[in-house]
Amino acid sequence: MEIEKKYLLRTLPADYQNYECKKIAQGYLCTDPVVRIRRSNDQYYMTYKGEGLMVREEYNLPLTKEAYEHLLPKIDGILISKKRYLIPLDKNLTAELDVFEGELAPLTLVEVEFDSVEEAEAFVPPVWFGEDVTDSGRYHNSYLSRHGLQPSR
């Protein structure tokens, strides 16, 4: 089970590039249900995600590089490219700061995963976090892969 909150950014932390960084490329074989392939540095995965916004099922299966490359031409929409910075927060939490590249630049999002719904609901974000977009499917990567950045209304 994945329990996470997602935010736009008010400002990038000045030192974010000093933290561990993963270079990620991911595409979607299906968006309902969500079936994703991902390269994270030199590791490869296929992920299934169930329905939901803050809470949903998530299963990760390892892939070989060859399997990932075989599936890559089969994705729908764009291949999402981003750098993910892992920034420690209080209470053993981690801010996963995504700096999107290519067609989704200059989008930046930050996610925080929790062990329980209660912990997620009690979370007070740091001042550099912006608007809470957890309940907006518009910022799910699966949506972005098919629709890109939509203008604000």
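Residues numbered from 1 in each chain as written. Predicted model: local features only at pLDDT ≥ 70, side-chain atom pairs only at ≥ 80, totals over all residues. Heavy atoms only, no water.

Asker: Help me get a handle on the overall build of the chain, residues and values and all.
Answerer: Counting secondary structure elements, the chain contains three helices and 10 strands. Seen in sequence order, the chain has helices and strands lined up from the N terminus as β-β-β-β-β-β-α-β-β-β-α-β-α. Once the C-alpha set of the chain is aligned to its principal axes, its extents read approximately 40 × 35 × 30 Å. Taken over 153 residues, the chain has a buried fraction of 44%. Taking the contacts inside the chain whose residues are at least 6 apart along the sequence as the reference set, 58% of them involve residues at least 24 apart. Within the structure as shown, the chain displays about 8,700 Å² of accessible surface, and the carbon and sulfur contribution to it stands at 49%. For the chain, the centre of its 19 positive side-chain charges and the centre of its 26 negative side-chain charges are spaced 5 Å apart. (Helix = DSSP H or I, 4+ residues; strand = E, 2+ residues; numbered from the N terminus. Buried < 20%, exposed > 50% of the residue type's maximum accessible area, 1.4 Å probe, protein only. Contact = heavy atoms within 4.5 Å. Areas by Shrake-Rupley, 256 points an atom, 1.4 Å probe, with all protein chains shown as cover. Lys, Arg positive; Asp, Glu negative; His and termini not counted. Charge placed at Lys NZ, Arg CZ, Asp CG, Glu CD.)

Asker: Report on the environment of Leu63, specifying residues and quantitative values.
Answerer: Assignment of secondary structure puts Leu63 in strand E6 (residues 58-63). C-alpha separation for the pair Leu63 and Arg38, spaced 25 residues apart in sequence, amounts to 8.9 Å. Here Leu63 is in contact with Ile37, Tyr44, Tyr45, Met46, Tyr68 and Leu71, once residues within four sequence places are set aside.

Asker: Kindly report on the pattern of salt bridges, identifying the contributing residues and their values.
Answerer: Enumeration over the complete set of coordinates arrives at 11 salt bridges. Of the charged contacts, one joins Lys23 and Glu101 as a salt bridge, the two residues approaching to 3.1 Å between their closest N and O atoms. Taken together, the residues span a long stretch of sequence, with Lys23 in strand E2 (residues 20-31) and Glu101 in the loop between strand E8 (94-100) and strand E9 (108-113) at a distance of 78 residues. Looking at Glu101, the relative accessible area reads 24%, which means it is partly exposed. Among the ionic pairs, Lys82 bridges to Asp98, the shortest N-O distance being 3.0 Å. Of this pair, Lys82 sits in strand E7 (residues 76-88) while Asp98 sits in strand E8; the two residues are 16 residues apart in sequence, bridging distant segments of the chain. When sorted by exposure, Lys82 lands in the same class as Asp98, which is buried. Each of Lys6, Lys82, Arg84, Glu96, Asp98 and Glu111 takes part in one network of salt bridges that share partners. (Salt bridge = Lys/Arg side-chain N within 4 Å of Asp/Glu carboxyl O.)

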